Amino acid sequence: MVVDDHPIWRNAVCRDLEEAGFQVVAEADGVAAAARRAAVVKPAVVLMDMAMPDGTGTEATRAVLDASPDSRVLVLSASSERDDVLGAVKAGASGYLVKSASARELVDAVLATARGQAVFTPGLAGLVLGEYRRMSGTTSGTNDRRRPVPTLTERETEVLRLVAKGLSAKQIAARLTLSHRTVENHVQATLRKLQLANRVELTRYVLEQGLE
């Protein structure tokens, strides 16, 4: 589903996605429309703008995920402002791209989001990680409330750290001289051991445990 209040831009994005083989199941031009349509079509991925006539992308992200909890939201916005990025992520967005991204980058980001990966325009991942680190530090206080770390292999821990830095499975495979499938197997094994749902939760876990 594509949520953007500019028809020309929205149509162009829909065309690019359909040419890449995706099915655009719905379009919306505001917060209320996005929530209504998400409740009906239950989209796998929602491309979300941040500026809308009846609210913000943060509000729309929250409303869409309330209506369709299994959907994943990927923000595609002209804004790279700190408050917009962090607001969207805290509302549940899985990733954040600025609109200067190419059509190929957009397609790759949608695919990655559908697989549960956290996708960010270069530079924004560090902003998000820094905020999680700050939040982790302020909430832990003087008492160490971290849960015990399940036993991970050395390779799983290595892959986990790279996932938390925002690297894709392909990038991790190249860095560690592994196959893409092997990296995905390590990620899935780690998710099972830690009882986490996706790479976004993995990133939070790494920061909470001080593994970065």
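Residues numbered from 1 in each chain as written. Predicted model: local features only at pLDDT ≥ 70, side-chain atom pairs only at ≥ 80, totals over all residues. Heavy atoms only, no water.

For the protein, the name recorded in an unreviewed UniProt entry is Response regulator transcription factor, with Rhodococcus sacchari as its organism.

Asker: Residue-level account of the pattern of salt bridges, with values.
Answerer: In the structure shown here, the tally under the stated rule is seven salt bridges. Between Glu27 and Arg10 there is a salt bridge; the shortest N-O distance is 2.9 Å. With Glu27 in strand E2 (residues 27-28) and Arg10 in helix H1 (residues 7-19), this pair connects stretches of sequence that are 17 residues apart. Judged by its relative accessible area of 13%, Arg10 falls in the buried class. Close ionic contact of Arg104 with Asp108 constitutes a salt bridge, the shortest N to O distance being 2.9 Å. Linking Arg104 with Asp108, this pair stays in helix H5 (residues 103-114), spanning four residues, or about one helical turn. We classify Asp108 as partly exposed; its relative accessible area is 39%. Three or more residues are tied together by salt bridges with common partners; here these are Asp4, Asp49 and Lys99. (Salt bridge = Lys/Arg side-chain N within 4 Å of Asp/Glu carboxyl O. Helix = DSSP H or I, 4+ residues; strand = E, 2+ residues; numbered from the N terminus. Buried < 20%, exposed > 50% of the residue type's maximum accessible area, 1.4 Å probe, protein only.)

Asker: Report on helix H4 (residues 82-91), specifying residues and quantitative values.
Answerer: Residue pairs three or four apart in sequence face the same way in an α-helix, which turns once every 3.6 residues. Of all the positions in H4, only Val85, Leu86, Gly87, Ala88, Val89 and Ala91 are classed as buried. At the exit of H4 stands Gly92, carrying a positive phi of roughly 120°.

Asker: Outline the nonpolar core, supporting the account with residue identities and numerical values.
Answerer: Counting 28 residues, the largest nonpolar core has Met1, Val3, Met48, Val64, Val73, Val75 and Tyr96 as the members making the most contacts within it. Put simply, the parts of the chain that give this core at least two residues each are helix H2 (31-41), strand E3 (45-48), helix H3 (57-67), strand E6 (72-77), H4 and strand E7 (95-98). Counting 19 residues, the second-largest nonpolar core is a separate cluster that includes Leu162, Val183, Leu191 and Tyr205. (Core = buried A, V, L, I, M, F, W, Y, C linked by side-chain atoms within 4.5 Å.)

Asker: Explain the side chain of Asp4 to me, and be specific about the residues and the numbers.
Answerer: Checked against the element boundaries, Asp4 lands in the loop between strand E1 (2-3) and H1. A relative accessible area of 2% means that Asp4 is categorised as buried. There is a polar contact of 2.8 Å between the side chain of Asp4 and the side chain of Lys99. Residue contacts for Asp4: discarding those within four places in its chain leaves Trp9, Arg10, Ala28, Asp29, Asp49 and Lys99. (Polar contact = N/O pair within 3.5 Å; in protein donor to acceptor, adjacent residues only side chain to side chain. Contact = heavy atoms within 4.5 Å.)

Asker: Please give an account of the pairing of E3 that cites residues and values.
Answerer: Where burial is concerned, the two faces of E3 agree: the one with Val45 and Leu47 and the one with Val46 and Met48 are both buried. Judged from the four bridges that link them, E3 and E6 form a sheet pairing that is parallel. Paired with Leu47 across the bridge in E6 is Leu74. (Pairing = 2+ DSSP bridges.)

Asker: Now, about the packing of helix H7 (residues 154-164) against helix H9 (residues 180-194): what can you tell me, with residues and values included?
Answerer: Direction vectors running N to C along H7 and H9 enclose 95°, while the axes themselves pass 9 Å from each other. As summarised for this structure, H7 and H9 are arranged roughly perpendicular, according to the angle between their axes. In contact with Arg155, Glu156, Val159, Leu160 and Val163 of H7, H9 contributes Val183, His186, Val187, Ala189, Thr190 and Lys193. Here the residues of the contact of H7 with H9 sort into six nonpolar, two polar and three charged. (Axes fitted to C-alpha atoms, helices over the stretch in contact; angles between N-to-C directions. Parallel < 35°, antiparallel > 145°, perpendicular 65-115°, else oblique. Nonpolar A, V, L, I, M, F, W, Y, C, P; charged D, E, K, R; others polar.)

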